[in-house]
Amino acid sequence: MSLELKNVEKKIGLDTHIYSTNLKLEKNTINILLGSTLAGKTTLMQIMAGLDKPTSGEIWFNNENVTGMKVQKRNVSMVYQQFINYPNFTVFDNIASPLKITGVSSDETKQRVGKVAELLKLSGMLNKKPNELSGGQQQRTALARALVKDSDLILLDEPLANLDFKLREELREELPKLFENRDCIVVYATTEPSEALLLGGNTATLQEGKIIQYGKTLDTYNKPNSLISAQVFSDPPMNIAKIKKSGDQCSFLQNDIQWKTKLNIKDGEYKVGIRPHNITTYKEGNNTLEIKGKVLISEISGSESLIHFTNGNLNWVSLSNGVFQKNVGDEMNLYMNTDEFVYFDQNERLVSNG
Amino acid sequence: MNKTVNQKAWFFVIPVFVLVAFNAIIPLMTVVNYAFQETFGNNVFMWEGTRWFKQIMLSERFHASLGRQFLFTFIILFIQIPLGIAIALTMPKEGIGVPICLVLMSMPLLIPWNVVGAMWNIFALPDIGFLGHSLNALGFDYNFTQQIGDAWFTTILMDVWHWTSLVVLLSYAGLRSIQPAYYQAAEIDGASRWAIFTKIELPKMKKVLTIAILLRFMDSFMIYTEPFVLTGGGPGNATAFLSIDLVKMALGQFDLGPAAAMSLIYFFIVLLVCWVFYTLMMRNEEKS
C-alpha cells in the first residue's frame, strides 16, 4: 500500500497554492506535514483525500491512478482542527455514522464502536450529544469516527490546535498508540516541531506551498537540507550567523569568537545555524564556546527559560533547562555546543553537521 | 459579610423606571382600567368586574376572528419558513452574486407597510391591476374585493412577498456560519444531499430558525396595516384578523370596555404561544 503524488500542482486563479510536488508515502507510516499557517498543509491533505483536485499532476494509490476519484470511493477519513461531529447524533451514532453508510451489520457496528470508544476513553459517554461534551471529548469522538472504519488513509489536520494545553498534552501522548498496528497511511499536519518529534515517523517540512524536505523525522530534524527546512523545524527560531572558515579554524564575522572544526569543506564564508537549546547558561557537551550576551528579554516557558540576548549585531535566543529570570540589560556568559552547529553554504543549502 | 450601602445607585435605575412606566406600564394600565369598567364619557366609570372578559371569551365574533388569525398565521408560516430556507440554500456563497442577492432580498423589507398594502391593492385590482387583469385575461374569475378565496389568496401572497426575505436572510446567516469542514466530513462519509440538510444544516440552523419562526409568528399574528389597506377586512369580515376586528370594536363602535378586554386576551395569547414555543425549542439546548 502506498500513496504517491506525482508532480501535483494546485493553482487558484493566478496564485499557486502548491508547487509541483512529488511525494511517496508508504504503508503503516505516520507522515507529518510540518509548516506554518498557509504553508499548504491543508490543501495538500485535501488533494490527497480527493476532496480537492490538483490543477495538474496525478495521485496514485496502490498503483492505481485515483486522480479526480470521488472521496466517497477512496476509503479515507479525516479529522479537523475544529471539532466536527453531527450535532444531533449521540456519540455512539456519530462514531457509527461511517459504518452505517457502508452497511455494516448492527452487531458488528456495536462491537467496533465499543472497541474504538474504549481506546479513546469515551465508553461512558456513548449516549451523550456532542454539545454536552468537553472540547477534548468532542475531538476524541471525531478521532473515533476516523478510526472506526479501517480507512486506507487517515488525515489529521492540526487535530490538537483547538484544545487547551493539558488536554493537548494528554491526547498527544495517546496518538502514536492509536495508529499502531493499523494497516493504513496516516498523514498528520501540524505547526509544532515538538509534535512532529513526539509522533516520530516521517516528516515533510513545508513552506509557501513547497515541500522542502521529506524523510525520517529525526533525520529531517538533525540534517536539515537547507536553512528553510531547519527554520520550519525549529521553535523558537534557529539562530543564524555568518562565519568564515580557514583551515580548521572557524570564526564569526561579527565578532572574534573562534573555534576548531573537523569540517572537510573549502575555506570561505558560510552560515551557521544554532538551535536555541544549544545555547545555554551552563556548559553542555565536550566542545563548548563561550559568548557574552546582553539580556533583551527573559521569559519562562514551562520548565525552561528563554533568554533573548544581543552580542554585537547578533540578536539571538537561548533556551536553558530550569526556571530563572534575568534582568533586562544584564551582561552574562552563555555557552554554545559547537558539536550541534549546522553549517550552510551561501545558498543556504546544508554543508554538514558539526 | 460587610456590604457597602450606597443609595445613590437608585439614580441610575430611576430613569429606566420612568421610561418603562411611560412607554409600557401606564398605557397598559389604562387598558386594564378600561377592561374592568364601563364608561359613558365625562370621566364617569362604573365597575364591571370580569364582565367584558366573559363577553369576549364567549362571543362568536371573537372566536371567528381568532380562528381567521390562527389560520392566516399558520398558512404563512407553513409557506414562508420552508420557502425561505429553500431560497437561502440556493443563494450564492461567494462572488458578486452575494451582495446582489442580499440587496434584492432586503428590498421588500424596506418598504413601509401601508405602501405594501397600497401597492398590492393596485397590483391586484381586477380591472386595471397587472395581477388582477392578467389572471382574468387567463380565464380565472379573480376579484379580491368580492370573493373570499381571492381576498385570502391576495393577502397571503402579499405577506409571502413582503416577509419571506426575512426568513431567507436569517437562514442564509445560519448557513454561512457552518464551517466548510462539516461539508467535507459529510462528503467523506458519503452522505447524501438530503442527509447533509437534515443532519448538519437543519440542526446548525436551529437557533436562527427559532428566532425566524418567533418573529414571523408575532408579526403575522399582529398584522394590521397591510390587510387594512388591501382589503379593509373584507369582503364582509372574511379578512378581518384580530387587530382589524379590535380596531373596529374600539374606534368604530367605541366599545372601549370589551375592546380593552380583547386587547388583554390578545396580548396574553401572543405571550403564551411565544413562551411555549421558545421553551420547547430551547429545552434540549439548556440541558447541556
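Cut-offs applied
- Residues numbered from 1 in each chain as written.
- Chains lettered and ligands numbered in written order.
- Predicted model: local features only at pLDDT ≥ 70, side-chain atom pairs only at ≥ 80, totals over all residues.
- Helix = DSSP H or I, 4+ residues; strand = E, 2+ residues; numbered from the N terminus.
- Rg over C-alpha atoms; globule rule 2.2 N^0.38 Å.
- Buried ≥ 20, exposed ≤ 12 C-beta atoms within 10 Å, placed from the backbone.
- Contact = placed C-beta atoms within 7 Å.
- Pairing = 2+ DSSP bridges.
- pLDDT = per-residue confidence, 0-100.
- Domains from an automatic or database assignment.
- Core = buried A, V, L, I, M, F, W, Y, C linked by C-beta atoms within 7 Å.
- Axes fitted to C-alpha atoms, helices over the stretch in contact; angles between N-to-C directions.
- Parallel < 35°, antiparallel > 145°, perpendicular 65-115°, else oblique.
- Left-handed = near helix turned anticlockwise from the far one by under 90°.
- Nonpolar A, V, L, I, M, F, W, Y, C, P; charged D, E, K, R; others polar.

Draft legend 1. Just the overall build of chain B, in detail. Broken down by element type, chain B carries 12 helices and two strands. Along its sequence from the N terminus, chain B presents helices and strands in the succession α-β-β-α-α-α-α-α-α-α-α-α-α-α. Taken over C-alpha atoms, the radius of gyration comes to 24 Å for chain B, far larger than the 19 Å a tight globule of 288 residues would show. If one aligns the C-alpha atoms of chain B with their principal axes, the spans along those axes are about 80 × 75 × 30 Å. Each of the 288 residues in chain B was classed as buried or not, and the buried ones make up 27%. Contacts in chain B between residues far apart in sequence, at least 24 positions, make up 69% of those at least 6 positions apart.

Draft legend 2. Seen up close, the overall build of chain A. Of regular secondary structure, chain A possesses eight helices and 21 strands. Overall, the C-alpha framework of chain A stretches about 75 × 45 × 35 Å when taken along its three principal axes. Out of the 354 residues in chain A, the part that is buried amounts to 38%. Long-range pairs, those at least 24 residues apart, make up 64% of the contacts in chain A with a sequence separation of at least 6.

Draft legend 3. Expanded view of the interface of chain A and chain B. Residue-level contacts link 18 residues of chain A with 14 residues of chain B. Contributing elements (two or more residues each) for the side of chain A that touches chain B: strand E6 (76-79) and helix H2 (91-102) of chain A.

Draft legend 4. Representation of the environment of Val-232 of chain A. Residues and elements named next belong to chain A. By the element assignment, Val-232 lies in helix H8 (residues 227-232). Between the C-alpha atom of Val-232 and that of Lys-245, which follows or precedes it by 13 residues, the distance is 26 Å. For Val-232, the contacting residues outside a window of four places in its chain are Leu-34, Gly-35, Thr-205, Gln-207 and Ile-212.

Draft legend 5. Inspection of the pairing of strand E1 (residues 2-12) of chain A at higher detail. Residue and element names in this part refer to chain A. Two elements, E1 and strand E2 (residues 15-26), share eight bridges in a ladder whose sense is antiparallel. Note that in E2 the partner of Lys-10 across the bridge is Ile-18. Connecting E1 to the antiparallel partner E2 that follows it, the hairpin turn spans two residues, and Gly-13 within it adopts a positive phi of roughly 65°. As paired elements, E1 and strand E4 (residues 56-61) share five bridges and run antiparallel to each other. Each residue of the ladder has a partner; that of Glu-9, found in E4, is Ser-56.

Draft legend 6. Broad picture of the confidence of the model for chain B. Mean pLDDT over chain B: 89, with 98% of residues reaching 70 or higher. Among the scores for the predicted complex, ipTM is 0.78 and pTM is 0.79.

Draft legend 7. Representation of the domain arrangement of chain A in the model. Along its sequence, chain A is carved into domain 1 (2-224) and domain 2 (239-353). Centre-to-centre, using C-alpha coordinates, domain 1 of chain A lies 37 Å away from domain 2 of chain A.

Draft legend 8. Spotlight on the nonpolar core. Counting 88 residues, the largest nonpolar core has Met-48, Met-78, Ile-95, Ala-144, Leu-155 and Val-187 of chain A as the members making the most contacts within it. With six residues, the top contributor of residues to this core is helix H4 (residues 135-148) of chain A. A domain-level breakdown of this core finds at least three residues from each of domain 1 (2-224) and domain 2 (239-353) of chain A. Leave out the neighbours within four places in its chain, and Ala-144 of chain A touches Ile-95, Val-116, Ala-117, Leu-120 and Leu-122 of chain A. Residues Ala-35, Trp-52, Leu-242 and Leu-256 of chain B belong to the second largest nonpolar core, which totals 20 residues.

Draft legend 9. Expanded view of the sheet that holds strand E8 (residues 185-190) of chain A. All names here are of chain A. With mixed pairing, six strands are arranged side by side in an open sheet as E6-E7-E8-E3-E9-E10. Each edge of the open sheet carries a strand with a single partner, namely E6 and strand E10 (210-216). Pairs of neighbouring strands in the sheet enclose a mean axial angle of 15°, with direction left out of account. Note: E6 against strand E7 (residues 153-157), four bridges, orientation parallel. Within E7, the position partnered with Val-79 by the bridge is Leu-156.

Draft legend 10. Local environment of the packing of helix H5 (residues 113-124) of chain B against helix H7 (residues 148-176) of chain B. Residue and element names in this part refer to chain B. Running from amino to carboxyl end, H5 crosses H7 at an angle of 130°, the nearest separation of the two axes being 11 Å. Comparing the axis directions of H5 and H7 gives the class oblique. Relative to H7, the crossing made by H5 is right-handed. Here Val-116, Trp-120 and Ala-124 of H5 come into contact with H7, specifically with Thr-154, Met-158 and His-162. Classifying every residue of the contact of H5 with H7 by side-chain character gives four nonpolar, two polar and no charged.

Draft legend 11. Fine view of the sheet that holds strand E16 (residues 288-301) of chain A. All names here are of chain A. Strand order in the open sheet made by the five strands is E15-E19-E16-E17-E18, with antiparallel pairing throughout. Among the strands making up the open sheet, the edge pair consists of strand E15 (279-280) and strand E18 (314-321). One ladder, built from seven bridges, connects E16 with strand E19 (residues 331-337); its direction is antiparallel. In the sheet register, Glu-290 faces E19, and the bridge partner there is Tyr-335.

Draft legend 12. Here's a closer look at unusual backbone geometry. The linkage connecting Asp-235 of chain A with the following residue, Pro-236 of chain A, adopts the cis geometry, with an omega of 0°. Relative to the elements of secondary structure, Pro-236 of chain A occurs in the loop between H8 and strand E11 (239-246). Unlike most non-glycine residues, Glu-208 of chain A shows phi in positive territory, near 45°. By the secondary structure assignment, Glu-208 of chain A is in the loop between strand E9 (202-207) and E10. Take Glu-208 of chain A: there are 15 C-beta atoms within 10 Å of it, and that puts it in the partly exposed class. Located in the positive-phi region is Phe-254 of chain B, a residue other than glycine, with phi close to 55°. With respect to the helices and strands, Phe-254 of chain B occurs in the loop between helix H11 (242-252) and helix H12 (256-287).

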